[in-house]
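# Close look at the chain arrangement
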Amino acid sequence: MSSKNLSRRTFLKAGGGALVGTLAMSGGAIALLAPSRSWAVTTNHLSTAEGEVLLGFTRQLFPHRDLENAVYALVVKALDKQIDSDPGVYTLLIDGVAALNRSAGGDWLALDKTARAASAKAARTSLTPFFEKIRSTAVVALYDNPLAYAHFGYQGSDGDGGYLLRGFNDLTWLPDPGQPDSGPLPPGVANKNNNA
């Protein structure tokens, strides 16, 4: 089939999928980094439906009420990328998604919040290879990216400078300890009480 005869429907059915959405928190830290409120993550191997279940399952395992789905979609993207180097990951993921859907009577995403949480808890206690793959990938893909850094307030690493002069003394939610209790500050670090 030539590329001229390739219809949109045929292209979409050929493989892969896409997760799309809109940032819910238009004034949040993530929105400040994003070029627009809409986002999309494409997958080469996983279908859109499989990706949506994986995103929802990851959200259940690592719940952060205000964390945008765009960040959770990065976990799905990382899982999809692992299939390139290990095709067995594809079988593991689609079998896991199928098991979630079977346990839900057909559509895991249609379960209410409580039932999804119970399903995730059951997977966590059984420690299946599917659960371990999602957990081990999410620990890195979910938290080690600039969007998560912005959301959680992590300033990231800028070389070997550390945090002594950048973020070390910026606790605004605790009262400053008295100088005798806190010890001497290194040169160049201002104390908020006496600016010394």
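Our structure is the block above this text.
As the structure is a computational prediction, the values presented were derived from the model and not from experiment. Residue numbers run consecutively from 1 along every chain, following the written order of its sequence. Selection of residues for local features in this predicted model requires a pLDDT of at least 70, selection of side-chain atom pairs for listing and counting requires 80 or more, and totals for whole chains, interfaces and linings are taken over all residues. Computation of side-chain values: all heavy atoms of the structure, hydrogens and water removed.

### A word on the layout of surface pockets
Here is the rule: The distinction between a cavity and a pocket rests on a 1 Å grid over the protein atoms alone: a 1.4 Å probe fits inside a cavity but cannot get out, while a pocket stays open yet meets protein on both sides within 12 Å along at least five of seven lines, and a residue with an atom within 4 Å of a point counts as lining. Grid points are joined across faces, edges and corners, and a volume is the space filled by probe spheres set on the points. The numbering of helices and of strands both runs from the N terminus, where a helix is a DSSP run of H or I of at least 4 residues and a strand a run of E of at least 2.
In this structure, the largest pocket occupies an estimated 290 Å³ of space. Every residue along the wall of the largest pocket is listed here: L55, G56, R59, Q60, P63, H64, R65, L109, K113, R116 and A117. Taken together, the elements giving at least two residues each to the lining of the largest pocket come down to α3 (48-61) and α6 (113-126). Here the lining of the largest pocket takes 4 residues from α3, the largest share from any one element.

### Focus on the nonpolar core
Side chains that are nonpolar tend, in soluble globular proteins, to be buried together. The line we're drawing: Joining through side-chain atoms within 4.5 Å is the link that ties buried Ala, Val, Leu, Ile, Met, Phe, Trp, Tyr and Cys residues into a set, and such a set is a nonpolar core. Per-residue accessibility, obtained with a 1.4 Å probe over protein chains only, is compared with the maximum for each type, and a residue is labelled buried under 20%, exposed over 50%, and partly exposed between these values. Here, residues are in contact when the closest pair of their heavy atoms is within 4.5 Å.
Judged by nonpolar contacts, the single largest core of 31 residues is most densely connected at L54, F57, L61, L93, F130, I134 and L142. Contributions of two or more residues to this core are made by α3, α4 (69-85), α5 (88-103), α6 and α7 (129-141). With 7 residues, the top contributor of residues to this core is α4. The contact partners of L54, leaving out residues within four places of it in the chain, are L46, V76, L79, L93, V97, F130 and I134.

### Notes on the environment of G51
Here G51 lies in helix α3. The class of G51 is buried, set by a relative accessible area of 0%. Separated by 28 residues in the primary sequence, G51 and L79 have C-alpha atoms spaced 9.4 Å apart.

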